[in-house]
Amino acid sequence: MESVPVLVVGGGPVGLALAGDLGWRGVRCLLVERSDGSIYQPRQDLVGIRTMEFCRRWGLVGAVEASPYPRDVPQDNVYVTSLVGYELGRERFPSMGKQKPPDASPQRRERCPQNMFDPILRAFAASHPSVELRYRTQLLGFRQKADHVIAQVEDLERGGRYEIGARYLAGCDGARSLVRGELGIGMSGKAALTHTTNVIFRCPDLTSLHDKGEAYRFIILGPEGTWATIVAINGRDQWRFSIIRGPKERELTVEEIRAAIRRAVGIDFDYEILTVMPWVRRELTAEHYRQGNGFILGDAAHAMSPTGGFGMNTGMGDAVDLSWKLAAVLEGWGDRALLDSFEIERRPVGLRNVTAASRNLQRMLSPEPGPSLLDHGPEGVLTRQRIGREFSELMRHEWFTLGVHLGYRYEDSPNCWPDGTSAPADDPSVYVPTARPGHRAPHAWLNDGRSILDLFGSSFTLLGFGAGALDVAPILQAARERNVPMRFEPLDEPHLLGLYQQRLVLVRPDGHVAWRNDRAPADPTALVDCIRGALAAPGRVASPRTAAASG
Ligand SMILES: Cc1cc2nc3c(=O)[nH]c(=O)nc-3n(C[C@H](O)[C@H](O)[C@H](O)COP(=O)(O)OP(=O)(O)OC[C@H]3O[C@@H](n4cnc5c(N)ncnc54)[C@H](O)[C@@H]3O)c2cc1C
C-alpha cells in the first residue's frame, strides 16, 4: 500500500495552500481532489491582506498581480435601486493598480477571483518535489489506526479503488466535508441564513448601459430592502448576479432569473447566462478541528456568509497554522501535543470570523425603505437620502476589516508564553499592531527595504533589537539541544524596538509571536519545550478537550 506522511483531501484554495506550504517546508504530501481542478463558478475574489502576506512568503505576489483581473477597474461599492435607477450611496475605492498597502503591512488586499487564484496556488504546490497533486481522485472513507489512517480512494478517471496509508489526514474538502463526518465532528451555529442564487452572465457592454460608471459591486435595494448584488467578477465582461433571499424549497426558473436581472439592471438588454449556482448561506463552526490523526480546515471547519470575504482567508490561516506543526512533528522536533494547539488557536478565529461575517450580512439586509424609495416626488428624495446615508455608514463595517484580517490572536495557545500585558480590543475594523505573544508579529520596514515579515517562516526567528550584547545564547543553545530550528536576527534599528517593545522576540514559523522579553528566561529549555508543544505555557492547557473540561 502506498504511504505518505500527510494526505490532503480537497484541492480548493485551502487544500492547495496546505500542500503548498508543506512542500515549501520540504514535507512530503499527497493531495487528492475529485474534480479536474476546473472552477464551475468562482466564489472567492477577495484575497485578504494576511493571505497576501503568505503569498509574499511563498513568492506568489507577482503572479497574483499579473492575474487577468484588470488593474484599472475602480473597486467602488455602489448602492442603487437599479443600475439605471437612483444611486443611494457609494464607497469609493481605487483600482487595484492604484491601491497602496496600509502602514500595517507590506501588502495590500487583492482582487483575484478563484478561477485565477486557485491555478496560482496549484502551480505553487506542484512546484515542490515533495508534493503530489492527484486530480479526479475521490476520498471514499478512511479508518483511524493508533498512529496513522488508511484512506480508501477512487480513481474517477480510470476507475478502480485503492488504499493510501497516511500518518496524518487533513480534510480540506469543503462545507459538506466527508472527512468531518467520518471523524464524527459536529457543527454548531445556524444551518441556513439565506437561500441565494448566483448567476454568472456575460455582457461586455453592461457599463455603457447605465450612468453609474465602472465599479466592483452594485448592491440593489428595493422597497423591501436589499435583494440583489451585481459584482464585476472578472472585471471585464462577466458579472456575478446574486439573488439574496430566494425560496428555500426550490430552485429558481430561468424565467424568474431573467426577470430578476431585468429588475436589477432596470432595462431590457442582451446578455448570456453562463452558470447558475443555488447555495445556502450558513453560520457554522465545527465543534472540533482534530480527531486522532485527522484534521479539518477551511470550509470543512467553518462555513460563513461571504459578506466581508473572510471564508477562504480564514482557511488560509488554518493551513499555515497546521502546516508548520505537522512539519515539526514529522521532523521529530515537535511534540505530538503541538498538533492539539491547532484547534485551540484556530477554532476561536473561526468562531470570530463566522460571527463577523453574519454581522455584515445583518447590516446588509437591515434597510426597510418601504414604497417611497421609488417615489419620484419629495418624499422619495427624503427616503433615498436617509437610506443612502444610513446604509453607507453601516456598510463601512464590511469594507474596512483590517482588524479581522490582521488582528486575530492566539490568546489561549499553550505554545505562546504570556507576558502579562493585556490584549488590545479585538475590533473587526481596527488593527492595533502589537508584538504581544499570540499575535501576528507586526510589520515594519527594515533599512534595507525588506519587511521584517520577510525574516519569518522557514524556522523560528529570534529577533534581537538594539545595539550591544543580547542575551540570546541560552535560548539558541536550548533550541539546538531539542533540534528546534531557530535563527537569530540582530536588528539595530530603533524604530523596531519601539514597535516590538522588548529586546528579544521569538517569532514562530507561522509569523506569530511565541515569547518576548528583554533577557533570556531563567529556564530556556522550558521555553523551547513550550514552543515545540512538549510543555504548556504557564496558565494554559495543552489539549482542547482539557480546555473544554476545565472551562
Ligand atoms: C459567493 C461567494 C463569494 C465568496 N467570496 C469570498 C471572498 O471574496 N474571499 C474569501 O476569503 N472567501 C470567499 N468565499 C468563501 C470561499 O469561497 C470559501 O471559503 C473557500 O472556497 C473555501 O475553500 P476550501 O478549500 O476550504 O473549500 P472548497 O473551495 O469548497 O474546496 C473543497 C474541495 O474539496 C473537494 N472535495 C470534496 N470532497 C472530496 C472528496 N471526498 N474527495 C476528494 N476531493 C473532495 C472539492 O471538489 C473541492 O475542490 C465566498 C463564497 C461564496 C459562496
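Going by the structure above, here's the rest.
A brief report on the enclosed structure follows. (Residues numbered from 1 in each chain as written. Predicted model: local features only at pLDDT ≥ 70, side-chain atom pairs only at ≥ 80, totals over all residues. Heavy atoms only, no water.)

**Here we look at the overall build of the protein**
Quick reminder of the rule: In this description a helix means any DSSP run of H or I spanning at least four residues, a strand means any run of E spanning at least two, and both kinds are numbered starting from the N terminus. What the globule rule says is 2.2 Å times the number of residues to the power 0.38, and the radius of gyration is computed from C-alpha atoms. Using a 1.4 Å probe on the protein chains alone, a residue whose accessible area is under 20% of its type maximum counts as buried, one over 50% counts as exposed, and one in between counts as partly exposed. Note on contacts: a residue pair is in contact if any heavy atoms of the two residues lie within 4.5 Å. For every accessible area listed, the method is Shrake-Rupley and the probe measures 1.4 Å; residues are considered covered only by the protein chains on display. The charge count treats Lys and Arg as positive and Asp and Glu as negative. His and the chain ends do not count. To locate a charge, take NZ of a lysine, CZ of an arginine, CG of an aspartate or CD of a glutamate.
When you go through the protein residue by residue, the secondary structure sums to 14 helices and 22 strands. Relative to the compact-globule value of 24 Å for 551 residues, the protein shows a C-alpha radius of gyration of 24 Å, a close match. With the principal axes as the frame, the protein shows a C-alpha extent of 75 × 60 × 45 Å. Counting over 551 residues, the protein shows a buried share of 58%. Residue pairs at least 24 apart in sequence account for 73% of intrachain contacts in the protein once pairs closer than 6 positions are excluded. Carbon and sulfur atoms make up 50% of the accessible area of the protein, which amounts to about 21,500 Å² in all. The positive charge centre, built from 65 side chains, and the negative charge centre, built from 66, are 1 Å apart in the protein.

**Brief notes about the site of the ligand**
For clarity, the cut-off: The cutoff for a nearby residue is simple: one of its non-hydrogen atoms must lie within 4 Å of the molecule or strand. Polar contact criterion, stated in full: a pair of N or O atoms within 3.5 Å, where within protein one must be able to donate a hydrogen and the other to accept it, and residues adjacent in sequence count only if both atoms are side-chain atoms. Each residue is assigned to one of three groups, with Ala, Val, Leu, Ile, Met, Phe, Trp, Tyr, Cys and Pro labelled nonpolar, Asp, Glu, Lys and Arg labelled charged, and all others, Gly among them, labelled polar.
In the vicinity of the ligand, 28 residues are found, and the nearest of them are Glu33, Arg43, Leu46, Asp299 and Met312. With respect to the ligand, the backbone of Gly311 contributes an N or O atom lying 3.5 Å from an oxygen atom. A total of 1,000 Å² of accessible area belongs to the ligand in isolation, and the protein chains cover 91% of it. Contributing elements (two or more residues each) for the shell around the ligand: helix H1 (13–24), strand S2 (29–33), strand S8 (137–144) and helix H7 (311–331). Considered class by class, the residues forming the shell around the ligand number ten nonpolar, eleven polar and seven charged.

**Some thoughts on the pairing of strand S4 (residues 77–80)**
For clarity, the threshold we go by: Should DSSP find at least two bridges between two strands, the strands are regarded as paired.
Side-chain alternation along S4 places Asn77 and Tyr79 on one buried face and Val78 and Val80 on a second face that is also buried. Taken together, the four bridges between S4 and strand S5 (residues 87–91) define a ladder with antiparallel strand orientation. Bridged to Val80 within S5 is Glu87. Hairpin connection, S4 to S5: the antiparallel pair is bridged by six residues.

**What to know about the nonpolar core**
To keep it simple, the criterion reads: We call a set of buried Ala, Val, Leu, Ile, Met, Phe, Trp, Tyr and Cys residues a nonpolar core when their side-chain atoms join them within 4.5 Å.
Counting 98 residues, the largest nonpolar core has Leu7 and Phe241 as its most contacted members. The leading source of residues in this core is H7, at eight residues. Every residue in contact with Leu7, bar those within four places of it in the chain, is listed here: Leu30, Val32, Ala151, Ile164, Ala166, Tyr168, Leu169 and Ala170.

**What about the sheet that holds strand S19 (residues 460–465)?**
Adjacent strands of a sheet pair through backbone hydrogen bonds, lying either parallel or antiparallel. Spelled out, the test is: To obtain an axis, a line is fitted to C-alpha atoms, over the contacting stretch when the element is a helix, and the angle between two such axes runs from 0 to 180 degrees between their N-to-C directions.
Taking strand neighbours across the sheet as the criterion, the four strands line up as S20-S19-S21-S22 in an open arrangement whose pairing is mixed. Each having just a single partner strand, strand S20 (486–491) and strand S22 (513–517) make up the two edges of the open sheet. Strand-to-strand twist across the sheet, computed as the mean angle between neighbouring axes with direction ignored, equals 15 degrees. Bridge analysis of strand S21 (residues 504–507) against S22 gives four bridges, and the strand direction is antiparallel. Bridging from a neighbouring strand, Leu504 pairs with Asn517 of S22.

**What about the packing of aromatic side chains?**
Here is the rule we go by: Centres within 6.5 Å make a pair out of two Phe, Tyr or Trp rings, where for Trp the six-membered ring is used; the pair is then stacked when the planes are under 30 degrees apart, edge-to-face when over 60, and tilted otherwise. By the criterion adopted, a ring carries a charge over it if an Arg CZ or a Lys NZ lies within 6 Å of its centre and within 35 degrees of its normal.
A complete count under the given rule lists 15 aromatic pairs for this structure. One aromatic cluster is present, formed by Tyr168, Tyr289, Phe295 and Phe342 through successive ring pairs. Residue placement shows Arg109 over the ring face of Phe93; its charged tip is 5.3 Å from the ring centre. It is Arg263 that lies over the ring of Trp227; its NZ or CZ is 4.2 Å from the centre.

**Observations regarding the sheet that holds strand S12 (residues 217–222)**
Pairing is mixed in the open sheet, where eight strands are placed in the order S5-S4-S12-S13-S14-S11-S15-S18. Looking at which strands have only one partner, the edges of the open sheet turn out to be S5 and strand S18 (302–303). As defined by bridge partners, strand S15 (residues 272–286) adjoins S18 across two bridges and the pair is classed as antiparallel. Paired with Thr285 across the strands is His302, a residue of S18.

**Thoughts on helix H8 (residues 341–365)**
The following threshold applies: Given the number of residues in a helix, its expected span is that number minus one, multiplied by 1.5 Å.
Helix length check: H8 (25 residues) gives 37 Å between terminal C-alpha atoms against 36 Å at 1.5 Å per residue, within 8%. The element H8 is largely enclosed, with a buried count of 19 among its 25 residues.

**Points about the packing of helix H2 (residues 49–58) against H7**
Note the following rule: Note on terminology: angles under 35 degrees are roughly parallel, angles over 145 are roughly antiparallel, angles of 65 to 115 are roughly perpendicular, and the others are oblique.
Interhelical geometry of H2 versus H7 gives an angle of 45 degrees and a closest axis separation of 9 Å. Between H2 and H7, the interaxial angle falls into the category oblique. Residues Thr51, Phe54, Arg57 and Trp58 of H2 lie in contact with H7, whose contacting residues are Met312, Asn313, Met316, Gly317 and Val320. Per-class residue counts for the contact of H2 with H7 are five nonpolar, three polar and one charged.

**Observations concerning helix H6 (residues 254–265)**
Let me state the cut-off plainly: To obtain the arc, one takes the directions from the helix axis to the C-beta atoms.
For H6, spanning twelve residues, the distance from its first C-alpha to its last is 16 Å, which sits close to the expected 16 Å at 1.5 Å a residue. Of all the positions in H6, only Ile257, Ala260, Ile261, Ala264 and Val265 are classed as buried. Down the axis, H6 shows its buried residues gathered within 125 degrees of arc, on one side only. Contacts from the buried residues of H6 go to strand S11 (187–202), S12, strand S13 (225–231), strand S14 (238–243) and S15.

**What about the environment of Val4?**
Relative to the helices and strands, Val4 is located in strand S1 (residues 2–9). The spacing of Val4 and Ile164 is 160 residues in sequence and 7.6 Å in space, taken between C-alpha atoms. When residues no more than four places from it in sequence are discounted, the contact partners of Val4 are Arg28, Leu30, Ile164, Gly165, Ala166 and Arg167.

**Comments concerning the pattern of salt bridges**
Selection criterion: In what follows, salt bridge is the name for a side-chain nitrogen of Lys or Arg lying within 4 Å of a carboxyl oxygen of Asp or Glu.
The tally for this structure, following the rule as stated, stands at 42 salt bridges. Glu283 is the partner of Lys190 in a salt bridge, and the nearest nitrogen-oxygen pair spans 3.9 Å. With Lys190 in strand S11 and Glu283 in strand S15, this pair connects stretches of sequence that are 93 residues apart. On the accessibility criterion, Lys190 (43% relative accessible area) is partly exposed. Arg450 serves as the salt-bridge partner of Asp448, at 2.9 Å between the closest nitrogen and oxygen. Connected through shared salt-bridge partners, Asp321, Lys325, Glu345, Arg508 and Asp510 make up one network.

**Overview of the pairing of S19**
Just so we agree on the cut-off: Throughout, right-handed denotes a crossover for which the path from the first strand over the helix to the second runs clockwise when the strands point away from the viewer.
The buried fraction of S19 is high, at six of six residues. Side chains Phe460, Leu462 and Gly464 project from S19 onto one buried face, and the interleaved Thr461, Leu463 and Phe465 project onto a second face that is buried too. Handedness of the S19-helix H11 (residues 473–481)-S20 crossover: right-handed. In the sheet, S19 pairs with S21 via four bridges, with the strands oriented antiparallel.

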